[in-house]
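Structure assessment
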Amino acid sequence: MEPFQGDRASLPRNMIENTMFEEEPDVVDLAKETPAYPLDPDDVVYEPRSSRLLVRGLGENDMDEDEEDYESSARLLGMSFMNRSSSLRPKTSNYARQDRAGSCSVPSTRTLIVGVFILVVAASVAMVIYFLPRCTFTKEGCHRENDTMELIYPRTSDGQLFPWTSLRLPDNIRPVHYELEIQPNLTTMTFNGKVSIQVNILNDTKMIVLHSSDMKIINVAVQSKKATFLEYKPWQQIAIKLTKDLKKDESCLLEIEYSANLSNKYMGFYNSSYIDKGHNKRVLVATQFEPLAARNAFPCFDEPAFKATFRIKINREDAYIALSNMPKNQTIKLPGGLLQDEFEKSLPMSTYLVAFIVANFSHVSRNASDTLVSVYAVPDKVDQLNYALDSAVKLLEFYNKYAEIKFPLKKLDLVAIPDFLAGAMENWGLITFRETALLVCNQSSLTDKQGVAAVIAHELAHQWFGNLVTMKWWNDLWLNEGFATYMEFKSVDTVFPELEIGNSFLSMRLRVLEKDSLNSSHPVSTEVSTPEQVEEMFDSVSYEKGASVLLMLSSTMSEEKFHKGVTDYLQKYKEKNADTEDFWKSLPLGKSYSVVEIMKTWTLQKGFPLVTVNRTGNRVTLSQEHFLFTADPTTKSEYLWHIPLTYVNDSCGSEPDCKQMFHLKDKTASFDVPGSAKWLKFNFKTEGFYIVTYEAEGWDALIYAINNNTEILAHEDRAGMINNLFMLSRVGKVSFRQIKNLLKYLHHETQPAPLMEALIQLDQIYNLLEKRQDTRQLSRMKAYILDLFGGLMDSQSWEEETSISKQELRSDLLTVACRYFRENCTKSAMLIFNQWMESNKTKRIPGDIMKVVFSVAAQSDSGWETLLSTYKYSMVDIDKRKMLVALASTDSVRRIVWLMQDTLEGSNIQTQELPLVLRTVSRNFAGHLYAWNFVKENWDTIIKKFPIGSFVLQDIIMSTTSQFSTERHLVEVQYFFASLKDKGSEMRCVSEAVETIKLNIQWMERNPDTLWN
Ligand SMILES: [Zn+2]
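Residues numbered from 1 in each chain as written. Predicted model: local features only at pLDDT ≥ 70, side-chain atom pairs only at ≥ 80, totals over all residues. Heavy atoms only, no water.

The protein has the name Leucyl/cystinyl aminopeptidase in an unreviewed UniProt entry, where Paramormyrops kingsleyae is given as its organism. Per UniProt, the protein carries the Subcellular location (unreviewed entry) text "Endomembrane system". As stated in UniProt under Sequence similarities (unreviewed entry), the record for the protein gives "Belongs to the peptidase M1 family." (UniProt positions renumbered as here; feature names shortened; annotations may be inferred.)

By definition, a disulfide links the sulfur atoms of two cysteines through a covalent bond. Overall, the coordinates contain 2 disulfides when judged by the stated rule. Linked covalently through their sulfurs, C652 and C658 form a disulfide whose S-S length is 1.8 Å. Judged by the torsion about the S-S bond (-70 degrees), the C652/C658 disulfide is left-handed. The cystine pairing of the protein, numbering bonded cysteines in sequence order, is 1-2, 3-4. (Disulfide = S-S within 2.5 Å.)

Moving on, we get to the coordination of the zinc ion. Listed as protein donors to the zinc ion are M1 (N), M1 (O), H458 (NE2), H462 (NE2) and E481 (OE); their distances from the metal cover 1.9 to 2.4 Å. Sequence spacing of the donor residues for the zinc ion, all on one chain, is M-x456-H-x3-H-x18-E. Of the two residues, H458 and H462 both sit in helix α7 (residues 446-462), 4 residues apart, roughly one turn of that helix. The class of H458 is buried, set by a relative accessible area of 0%. (Donors = N, O, S within 2.8 Å, 3.2 Å for Na, K, Ca; no water. Helix = DSSP H or I, 4+ residues; strand = E, 2+ residues; numbered from the N terminus. Buried < 20%, exposed > 50% of the residue type's maximum accessible area, 1.4 Å probe, protein only.)

Because side chains alternate across strand β26 (residues 619-626), one face comprises the buried residues V620, L622, Q624 and H626, and the other comprises R619, T621, S623 and E625, none of which is buried. Of the strand pairs in this sheet, strand β25 (residues 609-616) and β26 are connected by 8 bridges, and their pairing is antiparallel. Note that in β26 the partner of V611 across the bridge is Q624. From the end of β25 to the start of β26, which pair antiparallel, there are 2 residues, and G617 there has a positive phi angle of about 65 degrees. (Pairing = 2+ DSSP bridges.)

The next subject is the environment of E303. Structurally, E303 can be placed in the loop between β12 (281-288) and β13 (309-316). Along the primary structure E303 and L210 are separated by 93 residues, whereas in three dimensions their C-alpha atoms are 9.7 Å apart. When neighbours within four sequence positions are excluded, E303 is seen to be in contact with L167, R168, L169, H211, T351 and W473. Here the side chain of E303 touches R168 through a polar contact of 3.1 Å, side chain to side chain. (Contact = heavy atoms within 4.5 Å. Polar contact = N/O pair within 3.5 Å; in protein donor to acceptor, adjacent residues only side chain to side chain.)

Turning our eyes to something else, we now look at the packing of helix α9 (residues 502-515) against helix α18 (residues 752-772). Packing of α9 against α18 leaves a shortest axis separation of 10 Å and a crossing angle of 30 degrees. Relative to α18, α9 is oriented so that their crossing is right-handed. Contacts from N503, L506, L510, R511 and E514 in α9 reach P752, A753, E757, I760, Q761 and Q764 in α18. Of the residues that constitute the contact of α9 with α18, the class distribution is 5 nonpolar, 3 polar and 3 charged. (Axes fitted to C-alpha atoms, helices over the stretch in contact; angles between N-to-C directions. Left-handed = near helix turned anticlockwise from the far one by under 90°. Nonpolar A, V, L, I, M, F, W, Y, C, P; charged D, E, K, R; others polar.)

Further remarks concern the pairing of strand β22 (residues 430-434). Where burial is concerned, most of β22 is hidden: 5 out of the 5 residues are buried. Burial of β22 is two-sided: the residues L430, T432 and R434 facing one way and the residues I431 and F433 facing the other way are all buried. As paired elements, strand β20 (residues 411-417) and β22 share 5 bridges and run parallel to each other. Counted as the bridge partner of A416 is F433 from β22. Across 2 bridges, the pairing between strand β21 (residues 424-425) and β22 is antiparallel. Bridging across to β22, A424 finds its partner in F433.

Quick look at the packing of aromatic side chains now. Scanning all chains against the criterion turns up 52 aromatic pairs. Where F298 meets F310, the ring centres are 6.2 Å apart and the plane angle is 75 degrees; that geometry is what we call edge-to-face. Here F298 is found in the loop between β12 and β13, whereas its partner F310 is found in strand β13, with 12 residues between them in sequence. Each of the two residues, F298 as well as F310, counts as buried. (Phe/Tyr/Trp six-rings, centres within 6.5 Å; stacked < 30°, edge-to-face > 60°.)

Looking now at the sheet that holds strand β19 (residues 371-377). Taken in spatial order, the 5 strands line up as β18-β19-β20-β22-β21 in an open sheet, and their pairing is mixed. A strand with exactly one partner marks an edge of an open sheet, and here the two such strands are β18 (362-368) and β21. Bridge count between β18 and β19: 7 bridges; the pairing is antiparallel. In the sheet register, V364 faces β19, and the bridge partner there is V375.

In this model, helix α31 (residues 988-1006) (19 residues) spans 27 Å end to end at C-alpha, consistent with the 27 Å of a helix rising 1.5 Å per residue. Counted residue by residue, α31 has 15 buried out of 19 residues, so it is predominantly covered. (Expected span 1.5 Å × (residues − 1).)

So, on to the UniProt feature "site: Transition state stabilizer" (unreviewed entry) in the protein. In the numbering used here, UniProt assigns the feature "site: Transition state stabilizer" (unreviewed entry) to Y543. The topology assignment puts Y543 in helix α11 (residues 540-557).

Under the defined criterion, the tally for this structure stands at 45 salt bridges. Close ionic contact of K381 with D877 constitutes a salt bridge, the shortest N to O distance being 2.8 Å. Residue K381 is located in the loop between β19 and α6 (386-403), and its partner D877 is located in helix α24 (residues 877-888); the two are separated by 496 residues in the primary sequence. You can call K381 buried: its relative accessible area is 7%. Between R810 and D848 there is a salt bridge, with its nearest N and O atoms 2.8 Å apart. Remark: D848 occurs in the loop between α21 (823-838) and α22 (850-857) and R810 occurs in helix α20 (residues 804-819); sequence separation between them is 38 residues. Residue D848 is classed as buried on the basis of its relative accessible area, which comes to 6%. Each of D448, R844, D879 and K882 takes part in a single network of salt bridges with overlapping partners. (Salt bridge = Lys/Arg side-chain N within 4 Å of Asp/Glu carboxyl O.)

Here we come to the nonpolar core. Ranked by size, the top nonpolar core spans 319 residues in total, and within it F298, F562, W602, F682, M781 and F789 carry the most contacts. Considering every element that reaches this core, the biggest residue donor is α6, with 11 residues. Two domains share this core, each providing at least three of its residues, namely domain 1 (153-360) and domain 2 (475-608). W602 has contacts with V524, K545, V549, M552, F608, P609, W641, H642, I643, P644, F689 and Y690, leaving out every residue within four places of it along the chain. (Core = buried A, V, L, I, M, F, W, Y, C linked by side-chain atoms within 4.5 Å. Domains from an automatic or database assignment.)

Structure, rendered in C-alpha cells:
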C-alpha cells in the first residue's frame, strides 16, 4: 500500500475489525479439579508447529524449542496466566483448559457418572475431541518430558470448545483454488456469497480451520456433503468438522454459502458514496483487504503464504460495471434480471490481494506491452485521468524491463475510489487509489503530478515486489513496502527526471532517522502475531527505513550487482513466498563482506549508529554507538552495526568517483588517510542510514570549507550535515552555537534540499516554543529564522514556476513566512486570493502555493466561508485537500471544533480526512489543545472508524501530542492512554508519544536559555 499522498509521515491503512481482545482472555484452571470429561489421550492430537498450545507448569531447566514456541503463544494470546492463581479463575471464562496431565493414563470413571447429569456439555466436548487433528501428540507426545503440560481451548460464544488454539492457521491444509461468487445489493447494503475452495491435505486431519469474520454462514459442505462448524469470533476463525478423516495427499472441496452486511468502514467489502455534479448521491462498493480483511468478504485462508488461484463471479445490476483482478471472461444474464460477470482464473496469489468493485465508473485505456492499461473514476472526473494513464503506461514499461519478468496479466486497472483511507492499494491487476492520489488536471502543478506519479510507481512496483513474490508473514512486511518505496523513487527518477524526485527521497530518509532515534522504535523485521501488531507494521520503519537500507545496500555493492540480485530473487521466488534472508541470499557476495552479515545488523536491530570520527594527522579513528534521543545511559544498547562507511575528502568531494569505503564492523577501528587532506566528510550523499559527528577540528574544517565554496560537497551532503548537527544538538553532543556556525553558509546556498532541511529543523523548534508561549524565546527564534530566510522568502515569485525543486522550496518558505505573519507574504497571498475571487474562481492559482494562499484567506470570516462552499462542490480533489488544510488552519476555535466534528461524522468533509484535519489543527497554537481534547472525547467513535494500531491512529496520536512539553501534559497523555486498556493502551505509538513528550520536556529544561550563548 501507499501512504497518504503528499504526507509521507502518514501511512493510513485499511481497517480490520478489532474484536480480538474485547474480552480479556481468561483461563479456567481445571488442573486442580477432576475433569468432567477427560479426553482420551489417544485422541488428544495436535500439530506441534502450528498449534502453539498454551502450557503451564514447565520446568525452568527443560525448555526446548517447542516450549519456547508455547511461551510465545502465551504472549500471543495476551495471557499472563502462568503466574495466576487458579482459584481466581472465574468459571464463566471464555477458555477452558483440557487436561492431559495423565497423559497416557486411563480416564477417570467418576467423570462418566457426572456425564449423565450434564449430557449437553459432554456432547460438546466429545465433538471437539472428534474434531482434533490426528497425529503429533498421540504416542510420541505422551513420552514428552513435561507431564504437567495442559492444553487450552477457547470457548465459542455458545460455550463450546473451539478446537484450535492459535491465531495462525494450521499448516496441514493448503488452499489451491477458490471459486467465488458475490452478489452485492447496493440498496440494502448487504451481500450474498458462495465460495468453493479446493484444498490439499498435507497431514491427516479431522477438521479444517479457516478465517471468517462478521458474516452469517448459511451452509457448509465438504465433498458435497453438509458439514457442521464452530466459530470463534475473537480470532475470526471457523472450524469445520469432517465426517471422516482427510488423509495426507488427499484433495477436498469445501463449499460455503454466506451473507453479510457491506462494511461502512474502509475495509473488507465496503460501500462508498459520493455526490455527483447534479448533487445526487451515488453509491458503489469496493474492497480493501490488506492486511486482514479478505475474511470479511469471504471465508478464506487469510494469511499471505496461503497462495491460491481465484475465479471470481460478480452479480450486478445493469446500471453498474464490475471489475476484479483479472480480465472479464464473459457476462451472462441471470434469472431475475441481474448480470453475472465472470473473470478469468488468476495466478496463484495471497488473499489480501484479491479485489472487486461494483460501480458506475468511466475510464480511459491504452495498450502497453500487451497489457491493456485503464484508469477509472466517477464519470464527473473522467477529464482528470490522462496524466495517470500516461504515467502508468511509462512506468509499466520501466518495470517490465527492470524486473526482467513481464507483467503477467493482460490488463491492469487503476481505479480512484471516492472513500479510501490509504493512498493506494496494489491489488493484483486492480490497483485502487484515493482520488487525490490518482486524479490531476492538465493545469495541476508539477508537485501534484509528482505525487501521482510516485504513488503509481509504488503500486506498480508491488505488482512484482509483493504480488509476484510475497513475504511469508507480516513480520517481513518491509520486503513489500521497503522495496516498493525504494523502487518508487528509482523508477520515477529514471522515467520522469523532470519531477526531480531525489529531494523527496533524501527528505524522507532524514525524517525517518528522527523517528528511528526513539527508544520505542522497532527493528525493520519484527515478530508480529495479533491483528494490532500486524497493523502497526505499516509504519515508517517498514516503508522508509526499509527503502533507506536498500539504498545503502545498492550503493555499497553497486547498482548493477544489486539489480542482478533483485532479478534473481524475483525469478527464484515468483508466484511463491520469501523472507528477508531469502532476499539477502539472492544477492551476490561482496569481495570482503557477506550481504547477510551486513544486513542482519540493519534489519534485526532497531535504531541506527552514530559514527564518531577522530582524526589526528593521517590517522582516522572511528567508533560507533547506538544513537538515541536520550541522555539516559540506561537506555543505551550494546548493538553494533556492520557499517559500509563511505567518505570523501577535499581532493575530490562531490562526484560519485570520489567515494571511498571502509567497513566498520567493530566498536572502534582506525585507518590512514593522506595527511594533506584538509577535511573528511563521511556518509557520501547521505546514502547510508547512520549519522556522523567529528571530533577535534573535524566539524570546523567542514564548515569552513562549505562557507568558502558550497559546491565542494554534493547538496545531499550539505543537507545531511545540517540534519546531523540538529540531531546531535538534541542529545547535547553539539551546541546550538555550532549549528548557527554552520548555518551562516546558508546565505550562499542555492539548492532546495539544504535550505529546506534547515528550515524544517528550525521551524520544529519554533513550534515547540510557540506551544509553550515562551514569547521571549519565540521572538528571538523567529528573528533568527527570518534573518536566515527572510530575504529568500521575500524574493519568491507568486507566478507559475516550472522547476519542481523551486516549487517545493517556495512552498515551504512561503508557508513559514505567512504563518509567521511576514507582511510581504500575507499581502501577496491576499492579492492572489482576491484576484481568484474576482475571476469567479477561474484564474488559476499555481498549485504549489495554493495552500499558502488559501490558508491566509481562511483567517477571515468571508475567506473561510468562501473556501468551505467551494470545497463542498469542487470536483478537483487535489485542490480540495489544499482548501481543507486552509480551513483547518483557522484561528477561530468555533470553526476548528465544527470542522473536527463534521469530519468525524463525514457530513461535509469525508471521514477519511480526519487525520489531515487533526494534524493541521494541532500544528497551530489556537487549535492544538482542542485537537487533543477532541481525540480524548471521541476516542470510542474514532476507533470504530480506524482500527487500533493502524497508521491512521498512529498519525492521530502523534500529531495531537507531539508538541506537548510539560509534565502536566505528560501525565494527562499517560493517564488517558492507560485508561483505554484494550482500546489502544498497548499501541507502540503510545510509547512513542510518551517518549516524545519526555524528550520535549528535557529539551525545554536544557536548551532555551543556552540557545543564544
Ligand atoms: Zn505499498
